[in-house]
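Observations on the model geometry
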Amino acid sequence: QQQVKQSPQSLIVQKGGISIINCAYENTAFDYFPWYQQFPGKGPALLIAIRPDVSEKKEGRFTISFNKSAKQFSLHIMDSQPGDSATYFCAASSLQGGTYKYIFGTGTRLKVLA
Amino acid sequence: ETGVTQTPRHLVMGMTNKKSLKCEQHLGHNAMYWYKQSAKKPLELMFVYNFKEQTENNSVPSRFSPECPNSSHLFLHLHTLQPEDSALYLCASSQKQGIWQTQYFGPGTRLLVL
C-alpha cells in the first residue's frame, strides 16, 4: 500500500512530441505529489508538484494531471526537447507515525531524439 | 558555494574499511536526509534529521551510522559494508520536515563496495 507504481520504465520521444509518464498509488492518505528530474551525475531536482485538491497544474511545458478517484497522476512534457532527456521520478508524501514520508517511484528514463 | 554539496563524489572501499560520507547544505535548512539510490529501485529513505534530532531511521542496518552535528552538516559513517550496499547515496535538505516541503538534493556519492 506504500508503493508508488511508475510507468513506463523508459521512453523515447521525438523532438517536439509529448512525453507522458504515469504513476499510480494505493494509499489514500498521500497528500502531496511531486515530480523530480535527475540528470546523469546530479541529484534529483524538484520539477513540479501538485496537491490533491486540484486536478491539474501547469508550469511552462510541464503539466501534472491528477485523478483522485483513480489514484493516478501523470506528468506531461509538451514540445519535448533533447535537453529534457533525464530520469523522472514521481513521489507521494503523507503523514506517517508523526512524520512526513516520501515514497518514490522507480523512475522513467526519457530520451528525446533531436 | 550554494545548494547541497556532497563529498567524496566517488568512493571505493573494501568490506573491512571504515569511511564517512559528508553532506553540507548552504540553504539555511533545518531538515536533512540520507537516501540510497540503486538501479531500477525507488529512492530509499534511510535517515531524517530535523533540527539536529534524528526523526527517522528506516530500518537501516547498523553498519550505517548517521551523524548530524549541526543543521548544515550531515555525515554517514560506514563500516563493514557488504557488496550489496554499493549504490548512489544522496543527501537532501528541506526548510523543515513537514508537509509540502521541497527537498533539495546533492549530487550524491557513488559508492562501490568490493
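Refer to the structure printed above.
Now for a description of the structure that goes with this document.

Thresholds applied
Each chain carries its own residue numbering, running from 1 in the direction its sequence is written. Labels follow written order: the first chain is A, the first ligand is 1, and so on. Local features in a predicted model are, by the rule used here, given only for residues with pLDDT of at least 70; side-chain atom pairs are given and counted only at 80 or more, and totals for whole chains, interfaces and linings are based on all residues. In computing side-chain values, all of the structure's heavy atoms are included and hydrogens and water are not. Comment: elements are numbered from the N terminus, with helices defined as DSSP H or I runs of at least four residues and strands as E runs of at least two. The globule rule used for comparison is 2.2 Å times the number of residues to the exponent 0.38, while the radius of gyration itself is calculated over C-alpha atoms. Buried means the residue's accessible area, taken with a 1.4 Å probe over protein chains only, is under 20% of the maximum for its type, while exposed means over 50%, and partly exposed covers the values in between. Should any heavy atoms of two residues lie within 4.5 Å, those residues are considered in contact. A pair of strands is considered paired only if DSSP assigns at least 2 bridges between the two. Each axis is a line fitted through C-alpha atoms, and for a helix only the stretch in contact is used; angles between axes span 0 to 180 degrees, taken between their N-to-C directions. Aromatic rings from Phe, Tyr and Trp, taking only the six-membered ring of Trp, are treated as a pair when their centres fall within 6.5 Å; an angle between ring planes under 30 degrees marks them as stacked, one over 60 as edge-to-face, and anything in between as tilted. Salt bridges are counted wherever a side-chain nitrogen of Lys or Arg sits within 4 Å of a carboxyl oxygen of Asp or Glu. Whenever two N or O atoms come within 3.5 Å, that pair is a polar contact, provided that in protein one can donate a hydrogen and the other can accept it, and provided that, for residues adjacent in sequence, both atoms are side-chain atoms. Each residue is assigned to one of three groups, with Ala, Val, Leu, Ile, Met, Phe, Trp, Tyr, Cys and Pro labelled nonpolar, Asp, Glu, Lys and Arg labelled charged, and all others, Gly among them, labelled polar.

What chain A contains, in helices and strands, is zero helices and eleven strands. When its helices and strands are written in sequence order, chain A yields β-β-β-β-β-β-β-β-β-β-β. Compactness check: chain A gives a C-alpha radius of gyration of 14 Å against a globular reference of 13 Å for 114 residues, within 12% of the reference. Across the 114 residues that make up chain A, the buried fraction comes to 47%. Pairs at least 24 residues apart make up 54% of the contacts formed inside chain A by residues separated by at least 6 positions.

We now examine the sheet that holds strand 3 (residues 19-25) of chain A. Residue and element names in this part refer to chain A. With antiparallel pairing, the five strands of this open sheet are ordered in space as 1-3-8-7-6. The two strands at the open ends of the sheet, each matched to only one other strand, are strand 1 (4-7) and strand 6 (56-59). Neighbour-to-neighbour, the strand axes of this sheet turn through a mean angle of 15 degrees, independent of strand direction. In this structure, strand 3 lies alongside strand 8 (residues 72-77), joined through six bridges in antiparallel fashion. The residue bridging N22 from the neighbouring strand is S74, located in strand 8.

Summed over all chains, the structure comprises 17 aromatic pairs over all chains. Aromatic pair F104(A) and F105(B): ring centres 6.5 Å apart, planes at 80 degrees, arrangement edge-to-face. Of this pair, F104(A) sits in strand 10 (residues 99-104) while F105(B) sits in strand 10 (residues 104-105), on two different chains. An aromatic cluster is defined as three or more aromatic residues linked by ring pairs; in this entry it consists of Y32(A), Y36(A), Y102(A), F104(A), Y33(B), Y35(B) and F105(B).

Quick look at the side chain of N50(B) now. All names here are of chain B. As for its position among the elements, N50 is in strand 5 (residues 44-50). Given the relative accessible area of 17%, N50 is considered buried. For N50, the contacting residues outside a window of four places in its chain are N30, A31, T55, K96 and Q97.

At the interface, 21 residues of chain B touch 19 residues of chain A. The interface formed by chain B and chain A contains one salt bridge. Linking E56(B) and K101(A) is a salt bridge whose minimum nitrogen-to-oxygen distance equals 3.0 Å. There are six residue pairs in polar contact (both at pLDDT 80 or more) connecting chain B and chain A. Secondary structure elements with two or more residues in the side of chain B that touches chain A: strand 4 (31-37), strand 6 (53-57) and strand 9 (87-94) of chain B. Here the residues of the side of chain B that touches chain A are counted per class, giving nine nonpolar, eight polar and four charged.

Here the amide bond leading from S7(A) into P8(A) is cis, since omega sits at -5 degrees, within 30 degrees of zero. By secondary structure assignment, the location of P8(A) is in the loop between strand 1 and strand 2 (10-14). The omega torsion of the bond from T7(B) to P8(B) falls at -10 degrees, within 30 degrees of zero and hence cis. One can find P8(B) in the loop between strand 1 (4-7) and strand 2 (10-13). We note that K40(B) has phi near 60 degrees; this positive angle belongs to a residue other than glycine. The topology assignment puts K40(B) in the loop between strand 4 and strand 5. Here the phi dihedral of S59(B) falls at roughly 55 degrees; this positive angle occurs in a residue that is not glycine. Relative to the elements of secondary structure, S59(B) occurs in the loop between strand 6 and strand 7 (64-70).

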